[in-house]
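Residues per chain are reported as follows:
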Amino acid sequence: MSKSLIDGLLLSILMVIAPHAEHLALWVSSLCGLLLLWRVYLNHSGKPQPNKWLLMLVTLAGTGGIAISFHTLFGREVGVTLLMLLATLKLMELRTPRDAMAIIYLALFIIITNFFYSQTIPAALYMLATLFVITATWIQLHGQNIRLKPRLRVAATLLVQAIPLTLILFILFPRVQGPLWGLPQDAYSSSGLDDKMSPGSLSRLILSESVAFRVSYKDKVPLPEQMYWRGPVMWNFDGRSWTTGNTTGQFGPPHFTELDQTIDYTVTLEPHNKTWLFALDVPDKISLPVTLSYDFRLYSKKPVNARIRYEARSSLGYRANPQESEGQIRRALQLPKQFNPRSRQLADEWVASSSDSAGIVQAALSYFNRQGFQYTLEPPPLGINGIDDFLFGTKQGFCEHYASAFVFLMRAANVPARVVTGYLGGEFNDIGNYYIVRQSDAHAWAEVWLKDRGWVRVDPTGAIAPARIQRGLSAAVTNNAALPFMARNPPQWLRSLNLNWDALANQWNQWVLGYDTERQFAFMTRLGMESVTWQKMAMNMAAGLGLSVTLFALLMLRHLYVRNRTDKVQMAWLRFCKKLAKAGLPRAAHEGALDYATRIAAARPVLAGPIQDLAERYSSLRYGRIQDEQARREFLQRISALKT
Amino acid sequence: MLSNLKNRFRAWALRRQLHDGSTVTLTQRRIYIIPTRQGFALAFVLLLMLLGDINYNLSLGYVLTFLLAMMAVMSMLHAFRNMARLQVRAGHVEPVFATESARFVFHFHNNSRLDRYRINLHDMQGHSTVFDMAALGHSEVILNIPTTRRGWFRAGRVALYTHFPLGLFHAWSYLHFDTRCLVYPKPLGNAPLPPGNIPDGTGKRSMAGDEDFSGLRKYVAGDALPRIAWKVLAREQGLQVKQFSTPLGEELWLDYSAATGGSEEEKLARMARWVLDAEARELRYGLRLPDGDMPANLGAAHRDECLRRIALFNLPLPDSTR
């Protein structure tokens, strides 16, 4: 096996492993990196490959290490890690072309594992680059002496020819709605809101720039302070954390009245591996078969583990559950007995001074507003009486602190209340005409139940930092160094570049990544196919492929038929002889070009020079080893010059 | 089952048992294509990938799977193109001594603007050679096949195949040139020349030899090809043989009946040694075989003729139809 072939294999494996480096355990990526470096050294120093026993030892140790750090040898993440390790180790025992072939197939397989983590446009381009390198190496394996340039050309040709065919297949290949079998628990990565909220959980999420979902409004666009996207609703408080508690709908569906200000919109939700879907308060209609829970959340039976699109209608004006059941009221009032005595005392004071629940809410909001509270991403840590410490000590907090403290105070004051988490606002993309809602738009607020008015949204954050509600996070936080870049008001050109890119990514998501059975059928109908069936698509696909392959075959095989240029030379010579024959100097059947020229030179001394020159050129072109285009052209020129 | 299929395929592919003419062009009717083991392995890998794509709903996975599948399909065309339109002609094969390798020569012409890579030429016993060809080039490909016995050695059917570019497809073609190599017996390692130098007695007499051209005579069967006066033939004056004369010296007769040794083969091997030794010592020698004599003479042409007589002695005539 040649050095350059081994280098090619090394590069292939490096390219397929590299994107995994960020989520592999550090020791695994370092081990793979070291093994690769060692292999490069062995290859270029000409030293032999390590012996079998050493490799066996490393393999066992690596597998053991993976088993220990993952606590299992099954599952997707473990599988990917093992595959990386094995591919690298396989490079250490390259003996036959078969080993090289195994590495190439392994590399191709590893490319696909990268799509578990990223299927963005850069990932697609990187795939093409990787495939090009692998193909060039693959060709070298089967065409040993082929030089680099023709090798790259063949690889590029194969790839370029395959692209249009792939397009046909991609569009027409009948899609099967997966999954075919149960997926392991870790099949999908998740980031986003959780069904538990403790101090710090949201401010951590805020640091992520990743997209939660994208929204395009049909005609009316709500005001920024109306864009409350409802997520998990928290009922239970244990003194530190809020949890959703019982989420199943044993309490029956909600009851909305006096709905107005309807808004229609389409949401493209990124997979977050949780069951809930997001809608503006309060949802009225949705295009998916999902359930509306008693606390106005939308949830589906299965976790959202693929990007989904849904159309929904919400009413911004509403009256929700003005008649709430006893059970719900009790749930919305329960608090842990011990903790936070000072807060309870404060609540009792408000109860004494206020005539009704609305008055208590007002008292609380003005308390937040006037007592010097600060809105910050980096609040100091809180003790065991978290609410007391926050309200009377640190007075620095983020939305989850305010929502949590507010709901605590309300419940202490006997006003039914709950914490709602979700997203607020979003960034408008004027290129694609939609809103991007990122994880950095995560928010927590409160809802209180007022007699006859039902559940009313109260956002205590608005009492401290109204800018957060109206203009987003960067306007509200003073020290924004900790914020993700795009949440920090970047320069205009960068912002527009970013929005352009996001618009492109959105199209990519909709058309390439979101191309499922439904989209496929819709697209076929748009292309003019009547009553789409998969048989029809398969037939069209076969026809399209057949046609394209035939076209390529014609283009490729064209190079095989070159006009025979030697014949041109011979024809010119024979024409010339005929001419001489007419002039009374015919060539004898046995006479070669040179003999003939000598005879003519003797008979017609005038012609001697040019004829002998031509005869020499002719015989060297016809019988010589060197086929020179230049000489051919010169001969043809001279012979036609002599004719005239 | 598989070998049965293979045999049936061969019977079909070789249904035209005739030998190929002087130049063969590899057209699509002569080139067969089948996936290799690695091709089937890739199909399996692609199937796994497709299942993964469906199960995990990986759109880019679909793209990769389809790209690879289509590259594989296109590689079939590339494999075909790597062989198509090549022109082959069987070349002259030099005689060898038994146990040496016969060097079968094939002239390949590539009249296209495409480079060809890693074309494998092999016989049915597994002797093979690999070559590349430049665009518009030609090359002389030599297939070495070890010989065992004296006589005519036929290469038989030879085949060409290529796995270029991805090794997924086996594109091949058969060539049926009636190309053969004359195999001389392997000379015995050590065998002293026979003692009997037979003097002529008459003194000076002109004797046909190699030294000076002395005229032409009519061709008789068995005359060495280099002796034929081709120029005369070209003038359409019949098949004539050039005659040379040398002053008569001593003559050494290499007689089959004088050769010691048990078997016929051993005797012939001894005679082959004698011919080589006599030639090396520049003795004039004649050959006396039970089926006829070779008049005494000297020179490379004479030596080759003698070896040829020894090689073909007592063998059935080569039938040119097989």
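For the structure given in this document, a descriptive report is provided here. (Residues numbered from 1 in each chain as written. Chains lettered and ligands numbered in written order. Predicted model: local features only at pLDDT ≥ 70, side-chain atom pairs only at ≥ 80, totals over all residues. Heavy atoms only, no water.)

**Structural notes on the packing of aromatic side chains**
Operational definition: A pair of Phe, Tyr and Trp rings is counted when the ring centres sit within 6.5 Å of each other, with Trp represented by its six-membered ring. The angle between the planes then sorts it: under 30 degrees is stacked, over 60 is edge-to-face, the rest tilted. Helix and strand definitions here come from DSSP, where helices need a minimum of 4 consecutive H or I residues and strands a minimum of 2 consecutive E residues; each element is numbered from the N-terminal end. Relative accessibility under 20% of the residue-type maximum defines a buried residue, over 50% an exposed one, and the middle range a partly exposed one, all with a 1.4 Å probe and only protein chains included. Think of it as a cone above the ring: NZ of Lys or CZ of Arg counts as a charge over the ring if it is within 6 Å of the ring centre and within 35 degrees of the ring normal.
Overall, the coordinates contain 41 aromatic pairs over all chains when judged by the stated rule. Ring geometry for Phe256 of chain A versus Phe296 of chain A: centroids 5.1 Å apart, planes at 70°, classification edge-to-face. Pair noted here: Phe256 of chain A is in strand β6 (residues 256-269) and Phe296 of chain A is in the loop between β10 (291-292) and β11 (298-299), with a separation of 40 residues, a long-range link. Per residue, the accessibility class of Phe256 of chain A equals that of Phe296 of chain A, and both read buried. A centroid spacing of 5.0 Å and a plane angle of 35° characterise the contact between Tyr117 of chain B and Phe164 of chain B, whose relative ring orientation is tilted. In this pair, Tyr117 of chain B sits in strand β6 (residues 116-123) while Phe164 of chain B sits in the loop between β10 (158-162) and β11 (169-175), placing the two residues 47 residues apart along the sequence. Of the residues examined, Phe164 of chain B reaches a relative accessible area of 5% and is grouped as buried. The ring centre of Trp235 of chain A lies 4.5 Å from the NZ or CZ of Arg331 of chain A, which sits over that ring. Its end group placed over the ring of Trp511 of chain A, Arg519 of chain A keeps NZ or CZ at 4.3 Å from the ring centre.

**Concerning the sheet that holds strand β5 (residues 101-110) of chain B**
Residues and elements named next belong to chain B. Formally: A pair of strands is treated as paired once DSSP finds two or more bridges between them. A fitted line through C-alpha atoms represents every axis, and for helices the fit uses only the stretch in contact; the resulting angles, taken between N-to-C directions, go from 0 to 180 degrees.
If you trace the 4 strands from one edge of the open sheet to the other, you get β1-β3-β5-β8, paired in antiparallel fashion. Edge positions in the sheet fall to β1 (23-25) and β8 (138-146), since each has one partner strand and no second. Here the average twist between neighbouring strands, direction ignored, is 25°. Direction of pairing for β5 relative to β8: antiparallel, over a ladder of 9 bridges. What sits directly across from Phe108, in β8, is Ser139.

**Overview of helix α12 (residues 386-394) of chain A**
Heads up, the rule is: Any two residues having at least one pair of non-hydrogen atoms within 4.5 Å are treated as being in contact.
Those residues of α12 of chain A lying buried are Gly386, Ile387, Asp388, Phe390 and Leu391 of chain A. Against the buried residues of α12 of chain A lie β4 (236-237), α10 (341-353), α11 (357-370), β14 (396-397) and α13 (399-412) of chain A.

**A word on helix α19 (residues 534-557) of chain A**
Here is the rule we go by: Expected helix span is given by 1.5 Å per residue-to-residue step, counting one fewer step than there are residues.
An ideal rise of 1.5 Å per residue puts 34 Å on 24 residues; α19 of chain A measures up with 34 Å between its terminal C-alpha atoms. Among all positions of α19 of chain A, only Met537, Met541, Leu545, Ser548, Phe552, Ala553, Met556 and Leu557 of chain A are buried. The inward-facing, buried residues of α19 of chain A contact α7 (148-172) and α18 (517-526) of chain A together with α3 (59-83) of chain B.

**Some words on the packing of helix α1 (residues 3-17) of chain A against helix α2 (residues 26-45) of chain A**
Residues and elements named next belong to chain A. In plain terms, the rule: Each angle gets one of four labels, with under 35 degrees taken as roughly parallel, over 145 as roughly antiparallel, 65 to 115 as roughly perpendicular, and the rest as oblique. In the scheme used here, Gly and all other residues not listed as nonpolar or charged are polar, with Ala, Val, Leu, Ile, Met, Phe, Trp, Tyr, Cys and Pro taken as nonpolar and Asp, Glu, Lys and Arg as charged.
Relative orientation of the contacting elements α1 and α2 amounts to 170°, with a least axis distance of 10 Å. Comparing their axes, α2 and α1 come out roughly antiparallel. Of the residues in α2, those touching α1 at Lys3, Ile6, Asp7, Leu10, Ile13 and Leu14 are Leu36, Arg39, Val40, Asn43 and His44. A breakdown of the residues in the contact of α1 with α2 according to their chemical character gives 6 nonpolar, 2 polar and 3 charged.

Honestly, it's all geometry; don't read function into it.
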